[in-house]
Amino acid sequence: GDSVTQMEGPVTLSEEAFLTINCTYTATGYPSLFWYVQYPGEGLQLLLKATKADDKGSNKGFEATYRKETTSFHLEKGSVQVSDSAVYFCALSDPSGGTSYGKLTFGQGTILTVHP
Amino acid sequence: DVKVTQSSRYLVKRTGEKVFLECVQDMDHENMFWYRQDPGLGLRLIYFSYDVKMKEKGDIPEGYSVSREKKERFSLILESASTNQTSMYLCASSPIGDSSMGYTFGSGTRLTVV
């Protein structure tokens, strides 16, 4: 079945450091890929997405490129801020038919803490 | 602004109580989901529904039931709450026709069973 593997955290960085959170996936077919962010005490919010190979999703300075050859969707940001401290989830959506169509498979989440 | 609204942010219930968690969405989405989130365990799917009165078990349905009488509302029911059901509960919805849309999540309900 489909699966998503994220780098284990927690990740601790200083402000203005470069961020990479690795995400690899296993899926049949051609899934859409997502990054969600969860700020403390909140639900998950969609951060960015990509729907086909070589697409780059971007939002709030974060980027991720859909790499079919390496089955990866790594999240990057050039200069993190304290306000980026959150839990980040990588996910893929099931493109097959039936009642599972569009259902998301999530990674375990990566906790990011950014210090001033 | 489209929304998924969970009725309570925080709940404290006693062991053995019947607990209802309510979720309402205003996006006319067919799919609705209930997850629980625990430290170190990520998101675990409890139940989902792809239509009114339809439901399917997720990965951890034991001890829970659901109700979907109207398209916009999806209720999670803890028949007899236990302390191991203390958790963050997240509701989400998505359209059925487009797998690229992802989910819209509610803000979550933090349930404590004492």
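It is worth spelling out the environment of V82(A) at this point. All names here are of chain A. Position of V82 among the secondary structure elements: in the loop between β9 (75-77) and β10 (86-93). Judged by its relative accessible area of 34%, V82 is partly exposed. Between the C-alpha atom of V82 and that of L13, which follows or precedes it by 69 residues, the distance is 9.2 Å. Aside from chain neighbours lying at most four places away, what touches V82 is E15, V114, H115 and P116.

Turning next to the nonpolar core. All names here are of chain A. Of all hydrophobic cores here, the largest spans 25 residues; its most connected members are L19, W35, L47, L48, F73, L75 and Y88. Listed by contribution, the elements that provide at least two residues to this core are β2 (11-14), β3 (19-21), β4 (23-26), β5 (32-38), β6 (44-50), β8 (62-65), β10 and β12 (110-115). The element best represented in this core is β10, accounting for four residues. The residues contacting L75, other than those within four sequence positions of it, are L19, T20, I21, W35, L47, L48, F62, E63, A64 and Y88.

Now for the interface of chain B and chain A. On the side of chain A, 21 residues touch chain B, which itself brings 26 residues to the contact. The interface formed by chain B and chain A includes one salt bridge. For R9(B), the salt bridge identified is with E42(A), shortest N-O distance 3.7 Å. The interface formed by chain B and chain A includes six residue pairs in polar contact (both at pLDDT 80 or more).

This part is about unusual backbone geometry. Residue and element names in this part refer to chain A. Between G9 and P10 the backbone carries a cis peptide bond, its omega angle lying at -5°. Inspection of the secondary structure puts P10 in the loop between β1 (3-6) and β2. Phi at D54 is positive, roughly 75°, even though this residue is not glycine. Looking at where D54 falls in the secondary structure, it is placed in the loop between β6 and β7 (56-59). Although it is not a glycine, K60 adopts a positive phi angle of roughly 55°.

Attention now moves to the pattern of salt bridges. All names here are of chain B. Enumeration over the complete set of coordinates arrives at eleven salt bridges over all chains. Put simply, R44 and D38 hold a salt bridge, and the shortest N to O gap is 2.8 Å. By relative accessible area, which is 24% here, R44 ends up partly exposed. On the basis of relative accessibility, which here comes to 11%, the residue D38 falls in the buried class. Connected through shared salt-bridge partners, D28, E30 and K71 make up one network.

The rules behind each value
- Residues numbered from 1 in each chain as written.
- Chains lettered and ligands numbered in written order.
- Predicted model: local features only at pLDDT ≥ 70, side-chain atom pairs only at ≥ 80, totals over all residues.
- Heavy atoms only, no water.
- Helix = DSSP H or I, 4+ residues; strand = E, 2+ residues; numbered from the N terminus.
- Buried < 20%, exposed > 50% of the residue type's maximum accessible area, 1.4 Å probe, protein only.
- Contact = heavy atoms within 4.5 Å.
- Core = buried A, V, L, I, M, F, W, Y, C linked by side-chain atoms within 4.5 Å.
- Salt bridge = Lys/Arg side-chain N within 4 Å of Asp/Glu carboxyl O.
- Polar contact = N/O pair within 3.5 Å; in protein donor to acceptor, adjacent residues only side chain to side chain.

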